[in-house]
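Single-letter residue listing:
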Amino acid sequence: MLVGSGISAFALTPASAAPVTAAVTTTVVTKAAAASCATGKYQKQVEGYLKQLGGFGTVTVDGKQSAADCAAIVKFQKRYGIQPAKGLAGPTTVDVAKRLASTKTAVCKPKKKGITFCVNLTQQTSWVMKNGKVLYKPTIVRTGYKGYRTPAGTYKINKRTKKEWSDPYEVWLPYWQRFIGGIGFHQTTTYIHDKWRGSHGCVNLLQADAKAYYSVGKIGMTVKTFGRRAGT
């Protein structure tokens, strides 16, 4: 890229029946919560990946949707910008979960001292390491598409602005951190999970991740990109 260049439920009960209202309401809410997420085609796979990743709540790997599974999947979908975030284990959810669960952070071979931003172009994931240890866990990214492939290599952040204007594409690039030519990290301006889309070389991030990367980034920090996005 050239820059510059609960479902909730309630029961209306007559006053005379007040003593049993709590019990009835509890039952209705429980059923509603369990039924609030449909069971997707990839239910068991997603359960397995979320259990492996951890941090999204209790998940039972049995291929059967439950209130706990539903909550965990919704939390995962919200974290990674998957729409709609309604707990259905569909193709986008399983794809993102698989990519994250299979990302091996050690392959980045970070610097022993300092910060290293890592980008796996093959899996379309990224993470940050500090002094050889994971600082920010893997998240999803979108890099250059055919004709605008993001190059693999080791670079240094050489420019940072909270909001950079792209002249050729006439769009603002929030949390901009350039590391080679007109290529850098920035918040995506479109739905990151559209597989047919791609950047013009930049590493697109979700807003939360772009902000986190910007908060830790400094001029001169190392960026390592490796692998190759399919189709580029």
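Only a predicted model underlies this, so the values are computations on that prediction, with no experimental measurement involved.

Before going further, it helps to examine the overall build of the protein chain. The helix and strand inventory of the protein chain stands at 5 helices and 9 strands. Along the protein chain, from the amino end to the carboxyl end, the secondary structure elements read α-α-α-α-β-β-β-β-β-β-β-β-α-β. For the protein chain, with 232 residues in total, the buried portion stands at 41%.

Below, the discussion takes up the confidence of the model for the protein chain. The predicted model of the protein chain averages 88 in pLDDT, with 85% of residues at 70 or higher. pLDDT under 50 marks residues 4-34. Its contacts with residues more than four places away, or in other chains, come to 21 contacts.

Right, let's get into the sheet that holds strand E7 (residues 183-187). Spatially, 4 strands are ordered E5-E6-E7-E8 in an open sheet, and the strand pairing comes out mixed. Of all the strands in the sheet, just strand E5 (159-166) and strand E8 (203-205) have a single pairing partner and so form its edges. Between one strand axis and the next, the sheet turns through 30° on average, direction left out of account. Along the sheet, helix H5 (residues 207-216) contacts E5, strand E6 (171-180), E7 and E8; its crossing angle with E6, the most-contacted strand, is approximately 45°.

What follows concerns the environment of alanine 68. Relative to the elements of secondary structure, alanine 68 occurs in helix H3 (residues 67-79). Separated by 12 residues in sequence, alanine 68 and phenylalanine 56 place their C-alpha atoms 9.8 Å apart.

So, about the state of the cysteines. For the structure shown, the criterion picks out 2 disulfides. At a sulfur-sulfur separation of 2.0 Å, the disulfide partner of cysteine 37 is cysteine 70. Judged by the sign of its S-S torsion, about 50°, the bond between cysteine 37 and cysteine 70 is right-handed. Of this pair, cysteine 37 sits in the loop between helix H1 (21-35) and helix H2 (43-53) while cysteine 70 sits in helix H3, placing them 33 residues apart in sequence. The exposure class of cysteine 37 is buried, given its relative accessible area of 5%.

Here we take up the environment of lysine 211. In this fold, lysine 211 is placed in helix H5. For lysine 211, a relative accessible area of 43% translates into the label partly exposed.

Here 5 strands make up an open sheet; going across it, the order is E3-E2-E1-E9-E4 and the pairing mixed. At either margin of the open sheet sits one strand with a lone partner, and together these are strand E3 (133-140) and strand E4 (153-156). If you compare each strand with its neighbour and ignore which way they point, the axes differ by 20° on average. Where strand E2 (residues 125-130) meets E3, 5 bridges bridge the pair, whose relative direction is antiparallel. When the bridges of E3 are listed, threonine 125 appears paired with isoleucine 140. Relative to the sheet, H5 contacts strand E1 (115-120), E2 and E3, its axis offset from that of E3 by approximately 150°.

Attention now moves to the pairing of E2. Within a regular strand, the side chains alternate between the two sheet faces. Where burial is concerned, most of E2 is hidden: 5 out of the 6 residues are buried. Between E1 and E2, which pair antiparallel in sequence order, lie 4 residues; one of them, glutamine 124, sits at a positive phi of approximately 60°.

Inspection of the sheet shows E5 paired to E6 by 7 bridges, in the antiparallel sense. Note on E6: the bridge partner recorded for tryptophan 165 is tryptophan 172. Between the antiparallel neighbours E5 and E6 lie 4 residues, among them glutamate 170 with a positive phi of about 50°. One ladder, built from 3 bridges, connects E6 with E7; its direction is antiparallel.

Rules of the game
Residues numbered from 1 in each chain as written. Predicted model: local features only at pLDDT ≥ 70, side-chain atom pairs only at ≥ 80, totals over all residues. Heavy atoms only, no water. Helix = DSSP H or I, 4+ residues; strand = E, 2+ residues; numbered from the N terminus. Buried < 20%, exposed > 50% of the residue type's maximum accessible area, 1.4 Å probe, protein only. pLDDT = per-residue confidence, 0-100. Contact = heavy atoms within 4.5 Å. Pairing = 2+ DSSP bridges. Axes fitted to C-alpha atoms, helices over the stretch in contact; angles between N-to-C directions. Disulfide = S-S within 2.5 Å.

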